Amino acid sequence: MLPTLARSPLLDNRLRVETPEGVDLLLRPAGLVPRALAFAVDLAIRGAILLALFISLGLLGKFGMGLGALLLFLVQWWYMVLFEVLNQGRTPGKHWLGLRVVHDDGTPVGWASSLTRNLLRFVDLLPFGYFLGALSCLGHPAFKRLGDIAAGTLVVYQEKPAERPALAPAEPVAPPVGLSLDEQRALISFAERQASLSPDRRRELAAILAEPLATTPEDAERTIQGIARALMGAT
Amino acid sequence: MKQAEFERQHQQLWLALTTQLDLLERGRPLDEPSLDAFPSAYRQLCQHLALAESRGYSGQLIDQLHQLALRGHQQLYRHHSTLLGRLLGFITGGFARSVREQWRYLLAASLLFYGSLLGMAALVYAFPDLVYSILPPDQVAQMEQMYDPDASRLGRFAERGAGDDWLMFGYYVMNNIGIAFQTFASGLLFGLGTLFFLLFNGLTIGAVAGHLSGIGYHLPFWSFVIGHGAFELTAITLAGAAGLRLGVALLAPGRMTRGDALRQSARQAIRLVAGAIVLLLIAAFVEAYWSSMTLSSPTIKFIVGALLWLFVAAYFSFAGRSRHAAD
């Protein structure tokens, strides 16, 4: 039986991608500001590279200038592509801000898509300072700029591994009434989130359930923690 | 099964998978047995995730498994083929095939580019003053100086020795590939940008050609451009064809949505652009090292130039005809 919760539309802006293995992956697209910051970091790095190049290659005379022009070309047009394809969808700027580029179906970005999205950056820059790109990014549900739309790519947050919180110590209690799957999940997530809630708020939330759980408002919190423990089978 | 029991049973597998993913994400190779086991471990994890969701296990556990599945998915579906092999396959056949598939767009781009080029050249040849309505006078003077029949070396910065060829190579790569990229990318503006760049370049080159032929510099000019022109002009029309492909997808998406049509056409167009990059690299090399030489008679340059044009035409007509040769 499929639980009702898993298939309902998502409240936030995460995208659901179904994999060949039959599980749903949730991708969180990154908005305009983190992407602009990542671009600014990359711009600064490229500027520093070019400055270093021109200082060192200027000493080599005309051969150095030719080499410098080649490297300028490389840095200008290929910096993004090379990093995105060879470094798991992350340029240094994106890495810094915890972003990565993936295809629409969640697979890592390849040569063709990366080249497409970065060449079309030229149009996103028009008529000045990323105007079209910013407009498209603000208007698109997945924050895509024009290059992303054409290449079928997404910039998503790279999820950081989270610590599993410890449950509050409580005596396991059998639930006094039959609980649906969603209700079970709600009780468990209350128990898991208890550390991030203030004591007053915890008491207030738990008191709502005092009557259906056949307990007093003061005791409701401990009862819920106990039920969660029993449901999870934690000892 | 209770969640705690489920976690106890599978913790081992998840930990092992996490270590493997850590290695893979940092670009380290896995040892043979764990590499073989990776796909099945990943599929098991996906099964655990599905089970955890349908059994109503805690959100934290589901998040943890989901994150592992996401990371595994990124690694399992990574593109692993070597760049060199794909590049060779592309050059020996795939590129010519893509170009033949898109012949309508190439024809349109060629008509626009060569049409404006030849038309402008003929006009300037007939009415010499017309060149000043296209180019500013100091640029015309610079062009005249570049192709002066008395110069020892031809092309931009005529006074140069062999060491400067390097400088020119870099300059040509920068300049020409930049133009090709712009021609392609601006196709996203409903094809208008591509139209502009094709016509603008066609008119400028045509004006220069007509003007130099008119004032009697035709031998140095044509012997200079014929060699690398085979690659350079073809590459510009290819980038134009790719740009027009994008524009047409937006203007007439057919039965698809505009977004889908754009994505599909971009996949085909980017192959033309990749090929154009290769052609432009060859062109820059020829232009810097061969075209700029002044030989005693220009005949040899015309012969080599004609051969290069024939070579390009033959490549696009015949390469990649037999399917298995390319793969």
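Residues numbered from 1 in each chain as written. Chains lettered and ligands numbered in written order. Predicted model: local features only at pLDDT ≥ 70, side-chain atom pairs only at ≥ 80, totals over all residues.

A.B. asks: Describe the overall build of chain B, with residues and values.
C.D. replies: A count of helical and extended segments in chain B gives twelve helices and zero strands. Counting helices and strands in the order they occur from the N terminus, chain B gives α-α-α-α-α-α-α-α-α-α-α-α. Dimensions along the principal axes, computed over C-alpha positions, put chain B at roughly 90 × 45 × 40 Å. Here chain B holds 327 residues, and 43% of them are scored as buried. Across chain B, the fraction of contacts at a sequence separation of at least 24, relative to all contacts at a separation of at least 6, is 79%. (Helix = DSSP H or I, 4+ residues; strand = E, 2+ residues; numbered from the N terminus. Buried ≥ 20, exposed ≤ 12 C-beta atoms within 10 Å, placed from the backbone. Contact = placed C-beta atoms within 7 Å.)

A.B. asks: I'd like a description of the nonpolar core, backed by residues and values.
C.D. replies: Generally speaking, soluble globular proteins have nonpolar side chains that are buried together. The biggest cluster of nonpolar side chains holds 83 residues, and the ones touching the most others in it are A235, V273, A276 and L280 of chain B. In this structure, L280 of chain B is in contact with N176, I177, A180, F231, E232 and A235 of chain B, ignoring residues within four places of it in sequence. One finds C137 and F143 of chain A together with L61 and L68 of chain B within the second-largest nonpolar core, a separate group that totals 28 residues. (Core = buried A, V, L, I, M, F, W, Y, C linked by C-beta atoms within 7 Å.)

A.B. asks: With reference to specific residues and values, describe the UniProt feature "transmembrane region" (unreviewed entry) in chain A.
C.D. replies: All names here are of chain A. As annotated by UniProt and renumbered to match this structure, "transmembrane region" (unreviewed entry) occupies residues 36–57 and 63–86. When the span residues 36–57 is considered, its composition is 100% helix and 0% strand, and the gap between its end C-alpha atoms is 31 Å. From the first C-alpha to the last, residues 63–86 spans 29 Å; its make-up is 100% helix and 0% strand. (UniProt positions renumbered as here; feature names shortened; annotations may be inferred.)

A.B. asks: Could you give me a rundown of the UniProt feature "domain: RDD" (unreviewed entry) in chain A, with the residues and numbers involved?
C.D. replies: UniProt's feature table lists "domain: RDD" (unreviewed entry) at residues 30–137 of chain A, given in the numbering used throughout. End-to-end, the C-alpha atoms of residues 30–137 of chain A are 10 Å apart, and along that stretch the chain is 71% helix and 5% strand.

A.B. asks: With reference to specific residues and values, describe the environment of R321 of chain B.
C.D. replies: In this fold, R321 of chain B is placed in the loop between α11 (299–318) and α12 (323–326). When the C-alpha positions of R321 of chain B and Y114 of chain B are compared, they lie 27 Å apart, and in sequence the two are 207 residues distant.

A.B. asks: Run through the interface of chain B and chain A, naming residues and quoting values.
C.D. replies: Across the boundary between the two partners, chain B contributes 52 residues, which contact 52 residues of chain A. Secondary structure elements with two or more residues in the side of chain B that touches chain A: α1 (3–25), α2 (32–54), α3 (59–76), α7 (164–185) and α10 (258–291) of chain B. In terms of residue count, the dominant contributor to the side of chain B that touches chain A is α7 of chain B (13 residues). Here the residues of the side of chain B that touches chain A are counted per class, giving 25 nonpolar, 17 polar and ten charged. (Nonpolar A, V, L, I, M, F, W, Y, C, P; charged D, E, K, R; others polar.)

A.B. asks: Account for the domain arrangement of chain A, with residues named and values stated.
C.D. replies: Here chain A is partitioned into domain 1 (32–157) and domain 2 (181–232). For domain 1 of chain A versus domain 2 of chain A, the separation of C-alpha centres amounts to 48 Å. (Domains from an automatic or database assignment.)

A.B. asks: Kindly report on the domain arrangement of chain B, identifying the contributing residues and their values.
C.D. replies: As assigned here, chain B comprises domain 1 (3–76) and domain 2 (85–326). For domain 1 of chain B versus domain 2 of chain B, the separation of C-alpha centres amounts to 51 Å.

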